[in-house]
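Observations on the model geometry
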Amino acid sequence: SESLSDQRRRADAGKYEMKYRDLKESFRLYRRKAKEIFEAQQRGMEDGGIQAGLLSLSDHGSEEAKLAYLRNLMVNYLSSDPAVREHMEGTIGTV
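Residues numbered from 1 in each chain as written. Predicted model: local features only at pLDDT ≥ 70, side-chain atom pairs only at ≥ 80, totals over all residues. Heavy atoms only, no water.

Things to note about the side chain of S80
Selection rule: A run of H or I in DSSP counts as a helix once it spans at least four residues, and a run of E counts as a strand once it spans at least two, with each numbered from the N terminus. Three labels apply to residues, based on accessible area from a 1.4 Å probe with only protein chains included: buried if under 20% of the type maximum, exposed if over 50%, partly exposed otherwise in between.
Within the secondary structure, S80 sits in the loop between helix 2 (52–78) and helix 3 (82–94). Residue class for S80 comes out buried when judged on its relative accessible area of 18%.

Here it is in C-alpha cells:
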C-alpha cells in the first residue's frame, strides 16, 4: 500500500506533467507562428510588398497563439493558490 505522501507526489507529478505539455504545445505554436511571420516578411521584401493572403494567414496564426496563451493562463489560474489567483485576475482581465 502506498503512503499518503507517495500518492501526493504522484498527483503533483501528473499535474506538472500536464502543465509542461501545455507549455510545450504553446511554445511549439509560438515558434511556428514566428517562423510564418519571418518567412512572410522575407517574401514581402522579395516581392516589394506584403500580399493580402499572407496577412490573413498571419491573423489566423495570431489568433491561435492568443488562444493557446489564454488556455495556459487559465490552467495556471485554476491550479494556483487563492492568493496567486487574485493577482492573476488582473492579467486575465486584460487579455
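Re the packing of aromatic side chains
Describing an aromatic ring pair means giving the distance of the ring centres and the angle of the ring planes. Operational definition: Stacked, tilted and edge-to-face pairs are distinguished by plane angle, under 30 degrees for stacked and over 60 for edge-to-face with tilted covering the rest, among Phe, Tyr and Trp rings (Trp via its six-membered ring) whose centres lie within 6.5 Å. Criterion for a charge above a ring: Arg CZ or Lys NZ at most 6 Å from the ring centre, at most 35 degrees from the ring normal.
Under the counting rule described, the total for this entry stands at one aromatic pair. Note on F27 and Y30: the rings are 6.4 Å apart at their centroids and 25° apart in plane angle, and the pair reads as stacked. Of the two residues, F27 and Y30 are both situated in helix 1 (residues 4–47); the distance of three residues between them amounts to about one turn of the helix. The class of F27 is partly exposed, set by a relative accessible area of 48%. One residue, K15, lies across the ring of Y16, its end atom 5.4 Å from the ring centre.

Comments concerning the pattern of salt bridges
As a reminder, the rule being used: We define a salt bridge as a contact between a side-chain nitrogen of Lys or Arg and a carboxyl oxygen of Asp or Glu at a distance within 4 Å.
Enumeration according to the criterion identifies five salt bridges in this entry. Of the charged contacts, one joins D6 and R9 as a salt bridge, the two residues approaching to 3.6 Å between their closest N and O atoms. Pair noted here: D6 and R9 are both in helix 1, with a separation of three residues, about one helical turn. For R32, the salt bridge identified is with E64, shortest N-O distance 2.8 Å.

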